[in-house]
Amino acid sequence: MSIVFSDKLLGRLAEAQTVVAFTGAGVSAESGVPTFRGNDGIWAKFKPAELANINAFMKNPELVWEWYKQRKQIIASVQPNPGHYALAGMESLFPECEVITQNIDNLHRRAGSTKVHELHGNIERNYCMKCGAQYSNEHVLSVVGAPRCTQAKCGGQIRPDVVWFGELLPENEWKNAMRAAERADVFLSIGTSGVVHPAASIPPAAKQSGAFLVEINPEETPLTNSVDEFIQAPSGEVLPALLEQIQLMKLTKNKVH
Ligand code: OAD
Ligand code: ZN
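In this report, the structure presented in the accompanying data block is examined. (Residues numbered from 1 in each chain as written. Chains lettered and ligands numbered in written order. Predicted model: local features only at pLDDT ≥ 70, side-chain atom pairs only at ≥ 80, totals over all residues. Heavy atoms only, no water.)

As a further point, take the sheet that holds strand E2 (residues 96-101). The strand order across the open sheet formed by 6 strands is E3-E2-E1-E7-E8-E9, and the pairing between neighbours is parallel. Single-partner strands in this sheet number two, and they are strand E3 (116-118) and strand E9 (229-231). The mean inter-strand angle of the sheet, taken between neighbouring strand axes irrespective of direction, is 15°. In the sheet, strand E8 (residues 212-216) pairs with E9 via 3 bridges, with the strands oriented parallel. Bridging across to E9, Glu215 finds its partner in Phe230. Where helix H10 (residues 171-183) meets the sheet, its contacts fall on strand E1 (18-23), E2, E3 and strand E7 (186-190), and the angle it forms with E3 comes to roughly 130°. (Pairing = 2+ DSSP bridges. Helix = DSSP H or I, 4+ residues; strand = E, 2+ residues; numbered from the N terminus. Axes fitted to C-alpha atoms, helices over the stretch in contact; angles between N-to-C directions. Contact = heavy atoms within 4.5 Å.)

Here the zinc ion (ligand 2) is held by Cys128 (SG), Cys131 (SG), Cys149 (SG) and Cys154 (SG), and the distances to it run 2.3 Å. Coordination at the zinc ion (ligand 2) is tetrahedral: its 4 donor atoms span angles of 103 to 116° at the metal. Taken in chain order, the donor set of the zinc ion (ligand 2) reads C-x2-C-x17-C-x4-C. Of this pair, Cys128 sits in strand E4 (residues 121-128) while Cys149 is found in the loop between helix H9 (137-142) and strand E6 (158-162), placing the two residues 21 residues apart along the sequence. Owing to a relative accessible area of 1%, Cys128 belongs among the buried residues under this scheme. (Donors = N, O, S within 2.8 Å, 3.2 Å for Na, K, Ca; no water. Tetrahedral: all angles 85-135°; square planar, octahedral: opposite > 155°, others 65-115°. Buried < 20%, exposed > 50% of the residue type's maximum accessible area, 1.4 Å probe, protein only.)

Here we take up the packing of aromatic side chains. Applying the stated criterion across every chain, the model contains 4 aromatic pairs. Consider the rings of Trp67 and Tyr68, whose centres lie 5.0 Å apart with planes at 75°: the pair is edge-to-face. Residue class for Trp67 comes out buried when judged on its relative accessible area of 5%. (Phe/Tyr/Trp six-rings, centres within 6.5 Å; stacked < 30°, edge-to-face > 60°.)

Along the chain, the position of Lys69 falls in helix H6 (residues 61-77). Put simply, Lys69 is tucked away with no salt bridge, and the nearest opposite charge, on Glu66, sits 9.0 Å away. Among the polar contacts made by the side chain of Lys69, one reaches the main-chain carbonyl oxygen of Gly145 at a distance of 2.7 Å. (Lys, Arg positive; Asp, Glu negative; His and termini not counted. Salt bridge = Lys/Arg side-chain N within 4 Å of Asp/Glu carboxyl O. Polar contact = N/O pair within 3.5 Å; in protein donor to acceptor, adjacent residues only side chain to side chain.)

In this structure, the largest pocket occupies an estimated 920 Å³ of space. Lining the largest pocket are 47 residues, with Ala25, Phe36, Arg37, Gln102 and Ser193 positioned closest to its centre. Counting residues per element, the ones that place at least two in the lining of the largest pocket are helix H2 (26-29) and H6. By residue class, the composition of the lining of the largest pocket is 23 nonpolar, 17 polar and 7 charged. (1 Å grid on protein atoms, 1.4 Å probe; cavity = no way out; pocket = protein on both sides within 12 Å on 5 of 7 lines; lining within 4 Å. Points joined across faces, edges and corners; volume = space filled by probe spheres on them. Nonpolar A, V, L, I, M, F, W, Y, C, P; charged D, E, K, R; others polar.)

Right, here's the structure in full:
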């Protein structure tokens, strides 16, 4: 499939100092990580309120842990896809290139992106709710049932380092994400349904600050009407093609000068 990018987008990319990608579950779909809201999305099988929430966790930590251990194992067994790699490849092509992600799967870092703002945490990390001690996935997966802190005299509940419904986003990640959005010359919203706030307010904020707003998604979303360019295709196909175009453009520009 050949993807055509508008001259306007390519022109903005040619001049861009700062390119920011904002990603959701869709960017990992081609890696085999289920999205949240599709037909076979995670929430089609489980109700979010039943599992990803602190009250549910305190009431039934074993059940919530069983679900997270399963997700940790799925995520550990998948690989970044060409979309993740293409975003990582863009870092060397712009003075500033950052990723803001709602995903907890760590695939952007595994693909080589170094400036990643994780708005919803990271499933590879775990911490004790009482003393804050950090625990590896290896440790929590080796424990049967809900793991407890092993620090002397603590014994607190260990939880995954992810943001649950009703919880605040990590302050630093949020600030850095907003700062990046406000600086962006080109802002790519990729594979997100754009319905979960406050994260969903980031693309409009980028546009408000003057960014050229691009959406990459096989489906329309509530954001589609307000973007400058909508590329209706899977990110694992669009992003490598876009990277190639940018590389080509930079190469020709260098030759001309
Ligand atoms: P959703 O499952 O809500 O949306 C996934 C989006 O990806 C949809 O718009 C799909 O059309 C699109 N999509 C599917 N396949 C794609 C592909 N190959 N390429 C590009 N796009 C594709 O997931 P999010 O928007 O990430 O929060 O959900 C946001 C938040 O809701 C999640 O971070 C999570 C959840 O509650 C927390 O866990 C706090
Ligand atoms: Zn502890």
